[in-house]
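Coordinates in review
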Amino acid sequence: KREILAAVPSIIMSKEERRLMSVRKNNRGKWVADGREYGGGQPSFETRPEAVSHLKAVKKKFHINNGKYVDPSQTNTVKLATDDFMVKQADKVKTGALSQGHYNNKDLAFRQICTIPHGAKTIGDLKVGDLTPPLIEDIILPPLFEGAWSTGDKKAVIFREFCKWIRRRGYNQDEPHLFESPDAPEREEEDFIERLSKEIIEKIIWAAEPQYKLLFKFAAYTGLRAGEIRALTWDKIDFDDDAVRVFHAIKKVGNKGAPKTKHSRRIVPLIDAMRLDVEMREWKLNQPIIQRRNGWVFPREDGRLASTDHWREVALKNACKKADVERIRFHDLRHFFASVLIFDMQETDQQIAYLMGHSSAQFTRRIYGHWLENAKRDRELRSRMSAAFKQHQ
């Protein structure tokens, strides 16, 4: 029948007859989907339904894209495409349309993505024409979200931008950018913020390397955010009034700017706890000249802007290990400061909100509500016990 059909002009063939010609078996027993008419080549499949399904997809893309079909097997690999994409991003950095910090984040994200295993190869070896939302959701996203959800989401946003880019350029006729990221985890109950004792904080400070002792002490007894400490310059420390003026912060992209919110601009006392005020004066006098060039209070050894990642993943991690205490986050030093305000100083919600740089007392209560309740309960308990025992004197 095929021989007869081959001799008949295609113009008088029925749809079924043309379909028989487009899907046929080769001499190796494979089913060939002949999509040359649409630019789809002649890929072979194990079964006839697979070949028919492929040919339907080719035709659909051909018609949807105004008579154009991109053969995925002829497209660049993901690795080569991301390299090309980053060249464009580098051009944006030169023109000021993209910050160096954002560029670095994209570069790191693609490095991780391209090394994700996929069968015997990696995602970087895949053709960009083969990227589909299901593949991205099942293979690429899980490794990106193994850590903090927010970090994984940032990488997913970067990859979605890349997917839109390859789609606009016709490298992929699917819509790979339509993948869905995992849902954000429910916000942890605030009871999970563990109160750290002064003994643990002191152990960590004493166990820290010499160049980090004062940093950890400053963070624990001022409550400044890591970005605020990185941005802190000597002109913002008033030794006459023993106060720290918090007017700036380093953003995640590496730029110096205003603090997190307008309420984050504040003045925090530089107290004498553990000789903090004295040691800050001594540090200003003895800071190596190379570290003074940019005016940072806590820079790197060469004077450049400090890295929060290094503080957290190297300095603090090693100090906790040496002190033989459970590892804490750098942000936990800020929580310790809040606990002192609540339990030891018994400050009002409004005063705590101001010193912490929160947007409102309501926000403070949402974050530290359980501590505030516990502190109130402890005060009331002490008052009742004092009254009760006085009766027996």
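Residues numbered from 1 in each chain as written. Predicted model: local features only at pLDDT ≥ 70, side-chain atom pairs only at ≥ 80, totals over all residues. Heavy atoms only, no water.

Topic: the packing of helix α5 (residues 100-114) against helix α7 (residues 149-168)
Applied cut-off: A fitted line through C-alpha atoms serves as each axis, taken over the contacting stretch for helices, and the angle formed by two N-to-C directions is quoted from 0 to 180°. Numbering of helices and strands starts at the N terminus; helices are DSSP runs of H or I of at least 4 residues and strands are runs of E of at least 2. In these notes the angle categories are as follows: under 35 degrees is roughly parallel, over 145 is roughly antiparallel, 65 to 115 is roughly perpendicular, and the rest is oblique. We call two residues contacting when some pair of their heavy atoms lies within 4.5 Å. Basically, the charged four are Asp, Glu, Lys and Arg, the nonpolar ten are Ala, Val, Leu, Ile, Met, Phe, Trp, Tyr, Cys and Pro, and anything else, Gly included, counts as polar.
For the pair α5 and α7, the least separation of the axes is 10 Å and the interaxial angle reads 85°. The orientation of α5 with respect to α7, classified from their angle, is roughly perpendicular. Contacts between α5 and α7 involve N105, K106, A109, F110, Q112 and I113 from the first element and K155, I158, F159, E161 and F162 from the second. Among the residues making up the contact of α5 with α7, the classes are represented as six nonpolar, two polar and three charged.

Quick notes on the packing of helix α13 (residues 331-344) against helix α15 (residues 361-390)
Stated precisely, the cut-off is as follows: Working rule for handedness: look at the near helix, and if it is turned counterclockwise from the far one by less than a right angle, call the crossing left-handed; if clockwise, right-handed.
Contact pair α13 / α15: the axes reach a minimum separation of 10 Å and the direction vectors enclose 30°. Considered as vectors, α13 and α15 are oriented roughly parallel to each other. Crossing geometry of α13 relative to α15 is assigned as right-handed. Within the contact between the two elements, α13 uses R334, H335, A338, S339, I342 and F343 and α15 uses Y368, W371, L372, N374, A375, D378 and R379. By residue class, the composition of the contact of α13 with α15 is seven nonpolar, three polar and three charged.

Let's talk about empty space enclosed by the protein
Cut-off, in case you're wondering: Whether a set of points on the 1 Å grid over the protein atoms alone is a cavity depends on a 1.4 Å probe fitting there but being unable to get out, while an open set qualifies as a pocket with protein on both sides within 12 Å along at least five of seven lines; lining residues are those with an atom within 4 Å of a point. Grid points are joined across faces, edges and corners, and a volume is the space filled by probe spheres set on the points.
Applying the stated criterion across every chain, the model contains two cavities of 30 Å³ or more. Here the largest cavity defines a volume of roughly 50 Å³. Around the largest cavity, the lining residues are L224, E228, A231, L232, K236, R245, V246, F247 and H248. For the lining of the largest cavity, the residue count by class is five nonpolar, one polar and three charged.

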